[in-house]
Amino acid sequence: MIVKNEEEILARCLDSFSSLFDEIVIVDTGSHDSTKEIARRYTDRVYDFIWCDDFSAARNYAFSLCTCDYVYSCDADEVLDQTNLKRFEQLKFAMMPEVEIVQMKYVEKNSTVLNSISEYRPKLFKRVRSFVWEDPVHETVRLDPVVFDSDIEILHLPNGSHHSSRDFRIFKAEYEKNHRLSRNLYRMYAIELLKCGNTDELEDAVEVFTDRMEMEDIDDEALIIALCVLSRAYRLKTEWQDMLSCALKAFSLDIEVPAEIHYDLGIFYLYKQDYKEAVEHFSNALQNCAPMLDIHTGGNLPLLGLAECADACGDAAAAKNYRVMAENWTLPEGD
């Protein structure tokens with residue numbers, strides 16, 4: 001584990017997991033509460049790591065301290081119930097040596113960044129990987145790891161706070177260092193901005209996504225991601241002309257316009273009191289266009305927009321119905 005200031009939840013996590021493991025390695029990245037004291041109740045292998053705004057560096061250091069055959073990468077806000085504890089115990093004693101990564105279902109009902117209730121994540125890793133030659137002729141080394149999708153569910157129970165501001169700082173620092181983001185970080189930055197970014201955080205990201213649009217190697221997916229972020233940033237600042245320019249660019253591409261763009265257009269026309277156009281775009285976001293980054297723009301958010309349109313048009317019954325639908329809307333199950 002890598003931890004920092006987790007005194008409220010660390011014992012809950014380790015109480016649910018600790019019986020599984022032959023060693024527990026905890027790396028603290030600068031706690032100023034009782035995190036390390038709590039950790040030492042479960043293990044004498046507690047180490048310090050000077051935080052450098054790099055989770056990979058901290059995670060790599062933690063992995064380097066492990067000695068067993070497999071390493072489970074744990075976060076302090078995870079919990080394993082009794083059903084999944086038994087599943088994990090069965091996996092531990094039935095593990096085939098060929099398996100290099102085990103994926104487990106990460107389950108959270110109030111996620112800030114997930115677009116489903118659960119998703120598979122790599123959680124258990126073979127510490128030392130064996131290289132295997134394949135094919136009877138023109139032989140080559142197998143590069144892809146052997147991955148097993150287990151039925152184990154890890155419950156994610158954060159303690160009420162999310163870390164988007166910290167993440168945004170790291171995203172921006174990475175961009176300023178390299179003048180671009182990896183494909184994964186670029187998409188994750190966009191997702192977090194749309195799902196939990198405020199006006200200032202979106203405005204601070206405009207440079208990143210504007211620059212990306214001007215790069216020669218941009219493809220349609222990267223372009224539409226940039227347009228979704230910029231459209232949201234301009235809408236929150238009521239810079240309508242710039243927002244409409246983003247929408248027009250999105251409609252000019254040879255790919256489906258995502259729900260995020262239609263939702264922003266619905267908000268624009270609602271603001272302009274053009275309720276017919278607003279309803280059309282909210283309905284498109286809800287029924288005809290898939291979300292690309294934030295699933296809420298294809299679910300409860302356009303439903304609430306339709307409710308406002310119905311209210312403005314004097315249809316209280318329809319408005320109530322839309323609000324009930326929005327309240328009962330839930331994240332879908334993941335794959």
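Residues numbered from 1 in each chain as written. Predicted model: local features only at pLDDT ≥ 70, side-chain atom pairs only at ≥ 80, totals over all residues. Heavy atoms only, no water.

Q: Please clarify how the packing of helix 5 (residues 164–178) against helix 7 (residues 199–213) should be interpreted in this entry.
A: Two quantities define a packed helix pair, namely the angle between the helix axes and the distance between the axes. Running from amino to carboxyl end, helix 5 crosses helix 7 at an angle of 30°, the nearest separation of the two axes being 11 Å. The pairing of helix 5 with helix 7 is recorded here as roughly parallel in orientation. Between helix 5 and helix 7 lies a crossing of left-handed hand. On helix 7, the residues touching Ser165, Phe168, Lys172 and Tyr175 of helix 5 are Glu201, Asp204, Glu207, Val208 and Asp211. Here the contact of helix 5 with helix 7 is composed, by residue class, of three nonpolar, one polar and five charged. (Axes fitted to C-alpha atoms, helices over the stretch in contact; angles between N-to-C directions. Helix = DSSP H or I, 4+ residues; strand = E, 2+ residues; numbered from the N terminus. Parallel < 35°, antiparallel > 145°, perpendicular 65-115°, else oblique. Left-handed = near helix turned anticlockwise from the far one by under 90°. Contact = heavy atoms within 4.5 Å. Nonpolar A, V, L, I, M, F, W, Y, C, P; charged D, E, K, R; others polar.)

Q: Can you help me understand the pattern of salt bridges in this one?
A: Two side chains that carry opposite charge are able to pair once their charged atoms sit near each other. Within the structure shown, the criterion is met by 24 salt bridges. For the salt bridge of Asp151 with Arg87, the shortest nitrogen-to-oxygen distance reads 3.9 Å. Taken together, the residues span a long stretch of sequence, with Asp151 in strand 10 (residues 147–156) and Arg87 in helix 4 (residues 82–94) at a distance of 64 residues. Between Glu239 and Lys237 there is a salt bridge whose closest N-O contact spans 3.2 Å. Using a relative accessible area of 28% as the deciding quantity, one classes Glu239 as partly exposed. Overall, the relative accessible area of 26% leaves Lys237 in the partly exposed class. Each of Arg183, Arg187, Asp219 and Glu221 takes part in one network of salt bridges that share partners. (Salt bridge = Lys/Arg side-chain N within 4 Å of Asp/Glu carboxyl O. Buried < 20%, exposed > 50% of the residue type's maximum accessible area, 1.4 Å probe, protein only.)

Q: What should I look at first to understand the state of the cysteines in this one?
A: By definition, a disulfide is the covalent link that joins the sulfur atoms of two cysteine residues. As enumerated under the stated definition, the model contains zero disulfides in all. Of the cysteine sulfurs around Cys68, a residue in no disulfide, the closest is that of Cys66, at 7.7 Å. With no disulfide of its own, Cys228 has Cys246 as its nearest cysteine by sulfur position, at a separation of 9.3 Å. (Disulfide = S-S within 2.5 Å.)

Q: Is there a simple way to explain the sheet that holds strand 5 (residues 78–79) in this structure?
A: Backbone hydrogen bonds hold the strands of a sheet together, and the pairing may be parallel or antiparallel. Taken together, the five strands give an open sheet; going across it, the order is 4-7-6-10-5, and neighbouring strands pair in mixed fashion. Each end of this open sheet is capped by a strand with a single partner; those strands are strand 4 (70–72) and strand 5. Looking at chain direction, strand 6 (residues 101–107) and strand 7 (residues 118–126) are connected through seven bridges and run antiparallel. Paired with Ile101 across the bridge in strand 7 is Phe125. The strands touched by helix 4 within the sheet are strand 4, strand 6, strand 7 and strand 10, with strand 10 carrying the most contacts at an inclination of about 150°. (Pairing = 2+ DSSP bridges.)

Q: Hey, could you run me through the sheet that holds strand 2 (residues 26–28) in this one?
A: If you trace the three strands from one edge of the open sheet to the other, you get 1-2-3, paired in parallel fashion. Single-partner strands in this sheet number two, and they are strand 1 (2–3) and strand 3 (46–48). The sheet contact formed by strand 2 and strand 3 spans three bridges and is parallel. Within strand 3, the residue paired with Ile26 across the bridge is Val46.

These figures come from the coordinates and say nothing about function on their own.
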